[in-house]
Amino acid sequence: MSFSKQSRYLDNTMISTYKECPRKYLMRHVLGWTTDGGGQKPPALVFGSSWHAGMDEMWGPGKDESIENRVDLAMEGFRKQWEEDNYTFELTMEQQDDLGARTPGTAHEMFYQYATQRDRMIRECTVLGIEQPMAMPFPGMDDTWYVGKLDKVVDYAGGIHVLEHKTTTLYRIKGNFDNDYLESWNSASQVKGYQMMGSIHYPKLQDVWVDCSLVHKKVHDAFKFIPVSHEWSLLKEWITDTQRWIGAIQSETAEYEKYGNLEAGTFRRNEDNCYGKYSKCPFLNICSTCSDPTKLKEVPAGYVEERWEPFDVLKLDKLIKGN
Ligand code: SF4
């Protein structure tokens, strides 16, 4: 069996949305709704993807360059993504204020500190993969795949490691990073997925290094690797658990397609997550006034239809034979 565009596939974003609240999954991933940002994505998302684009330059074409050149290349990558997302590079005072720490100026300072701190590793490692799309067939499920993307795969210090770049604004005076944030990667389902997919393609994979970078107005030199390696028994459990979650998503989707509404109790709400750890759910306005959003005649005001397309976001076409 090989992966094709007709295959059924789910990524971590979709599964974690369902785990958070099945009703949220319905609105985001079945109906395809999202908040109407007037053509602009939220700053956290844009800064994160622009940082990733800079990292691709830093670990790719910039690998054997001087620190200064590496920073320039990273900034070019950052700028390209930033402008593709309709954000302006030359900010007014008011725009700077709205963006807080997430500005190109902060990114420039961070790239310089990052390139300096990671200089030896960047020079000495062999980069095996950059933005590498992955698809893993799920045992016992017909043409169903778990898909994702490994930010970097490097051979360094005698082992193969997956690097996953993450940015956070959760600052603490002691140690710069929020401790719970750092520890959370040890139990993150997403990281288990990276390790699982990485091990299939790189049998000698040692671990996943979550590459955390703090985004702060004044602190620009806080970076930390969190190495995570789970035993096979835990990865096996991750497969079984994920299989169950995927099964639940597929059966609720089939139930909705059969009845065309939620009257059978399909895609139930999880009100405990309306006010999440970092922000409130973007669908709260709908849920506060509407018991069954599938009965609405049009997309509610303040929302637009814009589907989450893992196939394009993760560039999965690279996995299809002949492409
Ligand atoms: S507002 Fe609450 S119930 Fe509604 S989708 Fe969000 S988390 Fe679920």
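Participant: Can you walk me through the pairing of strand 8 (residues 205–214) in this structure?
Facilitator: Every regular strand shows the same layout, with side chains that alternate between the two sheet faces. A large share of strand 8 lies buried, amounting to 9 of its 10 residues. In terms of strand pairing, strand 5 (residues 159–168) meets strand 8 through 9 bridges, oriented parallel. Bridging across to strand 8, E164 finds its partner in V210. Pairing of strand 8 with strand 9 (residues 223–228), which is carried by 6 bridges, proceeds in the antiparallel orientation. Its bridge partner being in strand 9, D211 is matched across the sheet by F225.

Participant: What exactly am I supposed to notice about the domain arrangement of the protein here?
Facilitator: Domain boundaries assigned for the protein yield domain 1 (8–35 + 236–319) and domain 2 (36–119). Measuring from the centre of the C-alpha atoms in domain 1 to the corresponding centre in domain 2 gives 30 Å.

Participant: Quick question: what am I supposed to make of the packing of helix 1 (residues 12–20) against helix 10 (residues 232–259) here?
Facilitator: Axis angle and axis distance: for two packed helices, these are the angle between their axes and the distance between the axes, and together they describe the pair. One way to put it is that helix 1 packs onto helix 10 with a least axis distance of 10 Å and a crossing angle of 75°. Looking at the two axes, helix 1 sits roughly perpendicular to helix 10. Across from I15, Y18 and K19 in helix 1, the residues of helix 10 making contact are T242, W245, I246, A248, I249 and E252. Classifying every residue of the contact of helix 1 with helix 10 gives 6 nonpolar, 1 polar and 2 charged.

Participant: Would you take a moment to explain the site of the ligand for this structure?
Facilitator: Neighbouring residues of the ligand: C21, K24, M27, R269, N270, N273, C274, C281, L284 and C287. Secondary-structure elements contributing two or more residues to the shell around the ligand are helix 2 (22–30) and helix 11 (284–287). Looking at the shell around the ligand residue by residue, the classes come out as 6 nonpolar, 2 polar and 2 charged.

Participant: Would you mind going over the environment of D56 with me for this structure?
Facilitator: Within the secondary structure, D56 sits in helix 3 (residues 43–59). The class for D56 is buried, based on a relative accessible area of 18%. C-alpha separation for the pair D56 and K152, spaced 96 residues apart in sequence, amounts to 8.3 Å. Residue contacts for D56: discarding those within four places in its chain leaves P61, I130, E131 and K152.

Participant: What's the story with the packing of helix 3 against helix 6 (residues 104–117) in this structure? I'm lost.
Facilitator: One can describe the packing of helix 3 onto helix 6 by two numbers: an axis separation of 12 Å at closest approach and a directional angle of 35°. As helix 3 packs across helix 6, the resulting crossing turns out to be right-handed. Contacts between helix 3 and helix 6 involve F47, W51, G54, M55, M58 and W59 from the first element and A107, M110, F111, Y114 and A115 from the second. Counted by class, the contact of helix 3 with helix 6 contains 10 nonpolar, 1 polar and no charged residues.

What counts, and where the lines are drawn
Residues numbered from 1 in each chain as written. Predicted model: local features only at pLDDT ≥ 70, side-chain atom pairs only at ≥ 80, totals over all residues. Heavy atoms only, no water. Buried < 20%, exposed > 50% of the residue type's maximum accessible area, 1.4 Å probe, protein only. Helix = DSSP H or I, 4+ residues; strand = E, 2+ residues; numbered from the N terminus. Pairing = 2+ DSSP bridges. Domains from an automatic or database assignment. Axes fitted to C-alpha atoms, helices over the stretch in contact; angles between N-to-C directions. Parallel < 35°, antiparallel > 145°, perpendicular 65-115°, else oblique. Contact = heavy atoms within 4.5 Å. Nonpolar A, V, L, I, M, F, W, Y, C, P; charged D, E, K, R; others polar. Near = heavy atom within 4 Å. Left-handed = near helix turned anticlockwise from the far one by under 90°.

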